[in-house]
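# Understanding the architecture of this molecule
Single-letter residue listing:
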Amino acid sequence: MKKVLFIAMLAIVCVAMTACKNNFKKTDNGLLYRFETINPDGAQPAAGDIIVGELILRLEEDTLFSNVGNPNRIFQVAENCMFKGDFQEGLLMLHEGDKAIFKVPADSVGKLVDPRQMPPAYEAGKGQYFYYEVTVNDIVTKEDLMQEQANFIKECEQRKADEPALIAKYVADNNITAKPTKSGLYIIVNKKGDGDKVANGKQVSVNYTGRLLDGTLFDTSREADAKAANKVQQGRKYEPMTYTVGAQPMIKGWEEGLMGQTAGSDITLIVPSELAYGDRGAGQDILPYTPLTFNVTIESVE
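Not measured: the values here are computed from a predicted model.

### Points about the confidence of the model for the protein chain
Counting all residues, the mean pLDDT for the protein chain is 92, and 93% of those residues have values of 70 or more. This stretch, residues 1-8, has a pLDDT under 50; its non-local contacts, to residues over four places away or in other chains, come to zero contacts. Between residues 10-20, whose pLDDT stays under 50, and residues either more than four places distant or in other chains, the model counts one contact.

Encoded structure:
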């Protein structure tokens with residue numbers, strides 16, 4: 001009797017779970033959706049707006065992404081859907097404070113992207129689904145974005161105007177007597193090596209540390225420097241960088257600064273943004289119009 005009751009209860013639980021998983025409504029365009037929380041008085045996004053919130057993305061039962069507990073900008077609402085049942089339609093249905101799940105055929109997504117971009121668990125033609133679980137915390141409107149862009153442009157213009165003075169102050173504060181090259185690059189030779197010269201086609205091995213003028217470390221091949229800055233990257237193997245000169249694209253200031261230097265040398269480069277990442281910047285640390293410094297030890301030239 002206990003066994004029969006257990007099986008019966010298990011069946012009820014399975015049916016309930018299946019019903020919960022499949023309790024989705026469908027729009028006229030074929031989007032499957034289910035609202036967990038509804039806040040009809042909240043603001044709704046329009047095309048071009050950005051949704052700030054939490055997202056859990058799953059392929060069937062496999063979680064591919066989650067920022068639960070760390071809401072941020074997760075989607076920009078598109079003008080049009082890319083296929084029948086696209087979750088973009090659902091974004092327009094949301095309000096601030098809503099929580100909804102959108103169920104999207106994985107094969108529809110798979111037809112639009114490179115196969116290498118699909119999760120390893122994806123199998124074409126198996127009827128799998130992506131589940132987008134979206135909680136809306138805030139909406140950044142198109143007008144907000146335009147103002148952000150205007151402020152960013154103004155900030156960049158100011159950074160560009162301030163850069164020459166920043167470099168001059170750094171040179172003076174550090175008692176640098178070297179003169180800049182025609183391009184504006186400073187090359188300070190701390191130690192002159194007696195090995196082969198860096199030239200196009202040569203294989204070069206270097207240790208380096210890159211910093212902003214205020215000392216902020218943004219990259220290094222030296223573990224000791226990474227530890228001192230509390231910026232050790234887990235899984236990274238700290239060792240000299242080896243590359244073939246001219247075959248691997250490097251920033252202009254690096255290429256100019258190392259060319260003709262000899263193995264065994266230790267040099268410091270002060271690189272104006274025009275010879276680095278210019279008006280684009282790079283990553284979170286290097287903003288547009290940011291001058292950089294590199295300390296480089298040329299370990300070998302072959």
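### Considering the pattern of salt bridges
In this structure the tally under the stated criterion is nine salt bridges. Taking the shortest distance from any N to any O, the salt bridge between D173 and K169 comes out at 2.7 Å. Residue D173 and its partner K169 are located together in helix α4 (residues 142-173), separated by four residues, close to a single helical turn.

### Notes on the environment of I176
By secondary structure assignment, the location of I176 is in the loop between α4 and β8 (186-191). The sequence separation of I176 and L91 amounts to 85 residues, and the corresponding C-alpha distance is 56 Å. In this view, I176 contacts Y170, V171, Y186, I188 and I270; residues no more than four positions away in its chain are not counted.

### Focus: the packing of aromatic side chains
Aromatic ring pairs are described here by two measures, namely the spacing of the ring centres and the angle between the planes. Scanning the model with the defined rule gives nine aromatic pairs in all. An angle of 85° between the planes, with centres 5.7 Å apart, marks the rings of F218 and F294 as edge-to-face. Taken as a pair, F218 in strand β10 (residues 217-220) and F294 in strand β13 (residues 292-301) lie far apart in primary sequence, 76 residues in all. The buried category is assigned to F218, whose relative accessible area is 18%. Ring pairs connect the aromatic residues F75, F87, F130 and Y132, which therefore count as one cluster. The ring of F24 has R34 sitting right over it, with the charged end atom 4.6 Å from the ring centre.

### Structural notes on α4
Its 32 residues give α4 an end-to-end C-alpha distance of 44 Å, which sits within 8% of 46 Å, the value for a rise of 1.5 Å per residue. Taken as a whole, α4 carries its principal kink of about 40° at D162; the proline P164 stands between one and four residues after it. Buried residues of α4: L145, C156, E163, I167, Y170 and V171, and no others. Phi for N175, located one or two positions after α4, is positive at around 55°.

Rules behind the numbers
Residues numbered from 1 in each chain as written. Predicted model: local features only at pLDDT ≥ 70, side-chain atom pairs only at ≥ 80, totals over all residues. Heavy atoms only, no water. pLDDT = per-residue confidence, 0-100. Contact = heavy atoms within 4.5 Å. Salt bridge = Lys/Arg side-chain N within 4 Å of Asp/Glu carboxyl O. Helix = DSSP H or I, 4+ residues; strand = E, 2+ residues; numbered from the N terminus. Phe/Tyr/Trp six-rings, centres within 6.5 Å; stacked < 30°, edge-to-face > 60°. Buried < 20%, exposed > 50% of the residue type's maximum accessible area, 1.4 Å probe, protein only. Lys NZ or Arg CZ within 6 Å of the ring centre and 35° of its normal. Expected span 1.5 Å × (residues − 1). Bend = angle between axes of the 7 residues up to and from the residue.

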